[in-house]
Amino acid sequence: MTGIEAVGSRSRINATAAVRAYLATCGIVLLLMMLLGLTMRLAQAQWIDVEPNLFYVVMTMHGAGMVGIAGLGGAAVMWHFVRRYVPVSTAIFVANLVFFLIGAALILGAGFIGGFAGAWTFLYPLPGHSGGLWSANGAAAYMAGLLVIGVGFLLLHLDIARGIISIYGGLGAGLGVKQAFGFAPEKDGPPPAVAAATMAAISNVIGIVVGAVVLILSLVNLYAPSFTFNTLAAKNLIYYFGHTFINVTIYMAVIAVYEILPVYTHRAWKTNRVFYLAWVLSTLMVLTVYPHHLLMDFAMPTSILVAGQIISWLSGLPVLLVTAFGALTNVYRSGLKWDAAAGLVFMGVAGWAIGIIPAVADGTIPVNSVMHNTQWVPGHFHTYLLLGMMAMMLGFMTYLAGPKSPSHLAPAGVWLYLIGGTTFVLAFLAAGSASVPRRYAVHLPAWLAYDRAGSIGASLAVAGALILIVRFLVSLRSPIDATP
Amino acid sequence: MTRGFALLLGLVLCVGVGALAWATEGFRVITSQGARQLSIARHPIPVPNVRLVDQDGHTFSFADYRGRTILVDFIYTRCPRLCGVLGDDFRQAFSRSDAKNDRVAFLSISFDRADDRDTLRFYADRYAAKTPGWRVAMPCDAHGLSTLLQTFGITVISDGMGGFVHDGTIYLVDESGRLARILDPGTRIAAGHP
Amino acid sequence: MNTTRALVPVAWGMLWIARAPLEHEMALHMAVQLPLLIGVGYMLATFLRPYEPRWFAESDWLGIPGLLLVVFATSFWMLPRMLDLALSEPWIDSAKFASLPLLAGLPLGSSWPRMPGLGRAFLWANFIPKLGAIGGLYLAAPTRLCAYYRLDQQAAAGIALIAVAIVLGTCWSVIVFVGSPPFWSRAGIRRQRARHEILEAGE
């Protein structure tokens, strides 16, 4: 391992400091965004008063912020581990954080100063048709913020791809395509972190450049309203970008499972032909699954929607199955001592697996046309992101904080996060199956029970996250060498 | 990285942004039509006093319209496509306009030298155009035509099938005989405005 | 060497002579004439490299100013309004024939080698989809953007640009996905050796 680590160790101290900076940013933004989410639930529960106009600003900021830090947290996990195997640039990694912070400032300004409330998906032509709620400049600041963040991520993924190509010769080899199809021995395949980083690079580079196109077109439309383009094409491009970006976060975060569990079990993560095949298939499907966001758009060609439905049933499964199976076999009878980090990482796999179930339901056309505008959908993606992706990221954070940090509170944090998060997503799913609509600022009395249960769950989850994040932030006082 | 880098970068940025700003009239237009529209709205230009002949065979000139606003479109009578839309639009607007209200006049000008009085008459009858409220006319000579095309900024190209491709744009000549506005392409005046 | 050098003015002159037929079709104008003019400048850059002033080479850090100039010059001449003006105003067409080789092709040829691989990848990744998007807009636009081209010519130009984007995108994907085989290129051999050393050190 030492020889391989030497590849990327030109400035090791800086690198760890950069990862810490990423995680500190993620932790603080995550807390703020969770509080925004809690605000929405409390407002729907009628425990606090929030102006509907402000509600939609909060919703937009919560969406954009959470997607952003999911990407940032995933990138931190990925970069930290992948640099053990391929040469990557710390400068580019830091540059991405700088771009992110500039973009985040623009987005927050767009929302809380400019009043932009067009949802994080900025569906064309909504940003230009605010009905007087926000100015063209507000919408432009939001979209410019996304563009700036996109530039950073594009550079980061391209740099990692460059690193992978410099060692493995091509992205195909980085993904383990030869091993997947039996053209090369399994033992020569790339480590799981490299395969995952390759998939993230392929998917996000394509997703981000597509997003940049639609963002630039929308920006031109804002200032030159006579320039218009096809709204359905715009929606396709936006969801291509949006789906890919948020979906890839879990494939970056899952590297934490591959790298952290083996530290606890003292067993290497086994890669085999099925593992590589799973990653190849999931790569292809992540790139083609987005039409499941357009199942309600009757103008879409039916064939694309049917393909979207089928791919969305399958898309997450290959990697999920090999990861869940791998995690279980890795842990089984290994005698590992559970702690907060291992627990969170393991919870991440479970949350991901459970989150797939409502996703499959929503990806089915007849269900979708009834359920898509209900809280079933936020239920699905909160399961997947809160209990899956974020759990992995918090696990990584806890792992980096190390055992020296005050650890007696950590398990309490994990339990609060797990119980609160589960209550919170179940409230969404239950409300969704009772046809409670999503994205409503004001709720009917009949829906309040769900909202109140959700609010209580959300409060507990925030408390749990607060413990874990503060613990991490406190650990930053210790010198970098102390971290594993 | 040297100080020269900052200088060079600044120079490229200034020149590049300046050139793009020039070409797009300050980032407002990307087409020549748009540029022309913007320039006319800002600086109306006098229409030369070209002599034309209408569907009744009478000659007239732009000076005869002093004090009235004219809505002008450019057509050719054999046109199988766009001129039909323009003609219908003018017919609806014309039929609704008050006969006594002579503040607004309609004028359809053919740019096809193959047109003559008979074809103008035919076109006029098809859309119920009546002088003097709506004249279907053509310039008396080739020089007059090219002067008009140049003034109004009209590019007519062959459609490859013996006809022409042109914009279905409507032009507004104000009371003092100046080309004052070019309506957005696709604007239909029968919808109410102006 | 001298014959290849002579190619630059010959190509330049031939493009000038052929400008009427090339500019007659929007697709040829955008997807053939403009790239060839840039190509002339690119060739020129390979011959002028020994004479490049040192201050310029030093100031053109990572090739960023030079390639920014390329972006500006190419965007400028792809504006529908400039396509129109190039057809209606002979002096604008002359300006195009001078500026595309000198302000796009020449800086491309001199700055591209200075740009690190990551920057080149970034530019490719942005250029290819945007070319396709412009093509898509031309293809779908319900109105004419240029006064001198018919709607069908505009759509054909859109298809041409999309085709170029697809070809470039495919080439780029194949190169990054498969990579150059080790026996094929010097970079490949270097990579093979590096990987071998890493594996040996690891054992």
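Quantities reported herein were computed from a predicted structural model and do not represent experimental measurements.

Participant: Tell me about the overall build of chain C, and please be specific about residues and values.
Facilitator: What chain C contains, in helices and strands, is 10 helices and zero strands. Considering chain C as a whole, with its 203 residues, one finds that 37% of them fall into the buried category. Sequence-distant contacts in chain C: of pairs separated by 6 or more residues, those separated by 24 or more amount to 75%.

Participant: Account for the overall build of chain A, with residues named and values stated.
Facilitator: Of the regular secondary structure elements, chain A holds 18 helices and zero strands. Its C-alpha atoms give chain A a radius of gyration of 21 Å, within 12% of the compact-globule value 23 Å for 484 residues. In terms of overall dimensions, chain A has a C-alpha envelope of 60 × 50 × 40 Å along the principal axes. Across the 484 residues of chain A, 57% fall into the buried class. Relative to all contacts within chain A whose residues are 6 or more apart in sequence, the contacts with residues 24 or more apart total 84%.

Participant: I'd like to hear about the confidence of the model for chain C, residue by residue, with values.
Facilitator: One rule of thumb: low pLDDT means the predicted coordinates there are not for detailed reading. For chain C, per-residue confidence averages 87 on the pLDDT scale, and residues scoring 70 or more make up 87% of the total. Taken over the whole predicted complex, pTM reads 0.87, whereas the ipTM for its chain interfaces reads 0.85.

Participant: Explain the environment of Arg120 of chain C residue by residue, including any values.
Facilitator: All names here are of chain C. Within the element layout of this structure, Arg120 appears in helix H8 (residues 117–140). Given 16 C-beta atoms within 10 Å, Arg120 falls into the partly exposed group. For the pair formed by Arg120 and Leu67, sequence separation is 53 residues and the distance between their alpha carbons is 9.9 Å.

Participant: Can you explain the pairing of strand S5 (residues 104–110) of chain B? Please cite residues and give values.
Facilitator: All names here are of chain B. Burial within S5 is extensive, with six of its seven residues counted as buried. Relative to S5, strand S4 (residues 69–75) runs parallel, the two being bridged by seven bridges. Counterpart to Thr69 in the pairing with S5 is Val104. Across four bridges, S5 lies against strand S6 (residues 134–139) in parallel orientation. For Ile109, the partnering residue across the bridge sits in S6 and is Ala137.

Participant: Could you give an account of helix H4 (residues 117–126) of chain B, naming the residues involved and the relevant values?
Facilitator: All names here are of chain B. Residues Leu120, Tyr123 and Ala124 constitute the buried set of H4. The buried residues of H4 occupy an angular sector of 100° when the element is viewed end-on, so they sit on one face. Counted as exposed and oriented over 90 degrees from the buried face of H4: Asp118 and Asp125. Packing partners of the buried residues in H4 comprise S5 and S6. Following H4 by one or two positions, Ala128 adopts a phi angle in the positive range, close to 60°.

Participant: Pulling in residues and values, what's your account of the interface of chain B and chain C?
Facilitator: By a widely used convention, the size of an interface equals the accessible area lost when the partners come together. The interface is formed by 25 residues belonging to chain B together with 23 residues belonging to chain C. Elements with a contribution of two residues or more to the side of chain B that touches chain C: helix H1 (3–23) and helix H2 (32–42) of chain B. Classifying every residue of the side of chain B that touches chain C by side-chain character gives 15 nonpolar, nine polar and one charged.

Participant: Describe unusual backbone geometry, and please don't skip the residues or the numbers.
Facilitator: All names here are of chain A. Look at the link from Tyr124 to Pro125: it is a cis peptide, with omega at 0°. Despite not being glycine, Arg439 shows a phi value in the positive range, around 60°. By the element assignment, Arg439 lies in the loop between helix H17 (410–433) and helix H18 (448–475).

Participant: I'd like a rundown of the pairing of strand S2 (residues 51–54) of chain B, residues and numbers included.
Facilitator: All names here are of chain B. Burial along S2 is one-sided: the face carrying Leu52 and Asp54 is buried and the face carrying Arg51 and Val53 is not. Across three bridges, S2 lies against strand S3 (residues 59–61) in antiparallel orientation. The residue bridging Val53 from the neighbouring strand is Thr59, located in S3.

Participant: Account for helix H11 (residues 273–286) of chain A, with residues named and values stated.
Facilitator: One full turn of an α-helix is made of 3.6 residues, so residues set three or four places apart face in the same direction. Between its first and last C-alpha, H11 of chain A extends 20 Å over 14 residues, near the 20 Å set by a 1.5 Å rise per residue. In the core, the buried residues of H11 of chain A are packed alongside helix H6 (171–175), helix H7 (177–180), helix H8 (192–223), helix H9 (231–253), helix H12 (302–314) and helix H13 (317–331) of chain A.

Participant: For the confidence of the model for chain A, give the residues involved together with the corresponding values.
Facilitator: Residues and elements named next belong to chain A. Per-chain confidence: chain A averages 90 in pLDDT, with 95% of residues scoring 70 or above. Looking across chain A, the model is least confident in helix H1 (residues 2–7), with a mean pLDDT of 39, and most confident in helix H3 (residues 52–82), with 96. Considering only residues more than four positions removed or in separate chains, one finds that residues 1–11, a stretch of pLDDT under 50, has 19 contacts.

Conventions used here
Position numbers for residues count from 1 along each chain, tracking the sequence in the order it is written. Whichever chain is written first is A, and whichever ligand is written first is 1; the rest continue in order. With the structure being a predicted model, the display of local features is reserved for residues of pLDDT at least 70 and the display and counting of side-chain atom pairs for 80 or more, all residues being used for whole-chain, interface and lining totals. By definition, any uninterrupted DSSP run of H or I lasting at least four residues is a helix, any uninterrupted run of E lasting at least two residues is a strand, and each is numbered from the N terminus. Once C-beta atoms are placed from the backbone, each residue is buried if 20 or more other C-beta atoms lie within 10 Å of its own, exposed if 12 or fewer, and partly exposed for counts between those two. Whether two residues are in contact is decided by their C-beta atoms, placed from the backbone, lying within 7 Å. Each radius of gyration reported is based on C-alpha atoms, and the globular scaling rule is 2.2 Å times the count of residues to the power 0.38. Predictor confidence is given residue by residue as pLDDT, running from a minimum of 0 to a maximum of 100. Each pair of strands is called paired provided DSSP finds at least two bridges between the two strands. Here the arc refers to the directions that run from the helix axis out to each C-beta atom. The nonpolar class holds Ala, Val, Leu, Ile, Met, Phe, Trp, Tyr, Cys and Pro. Asp, Glu, Lys and Arg form the charged class, and all remaining residues, Gly among them, are polar. Expected span of a helix, by definition, is 1.5 Å for each gap between consecutive residues, and there is one gap fewer than residues.

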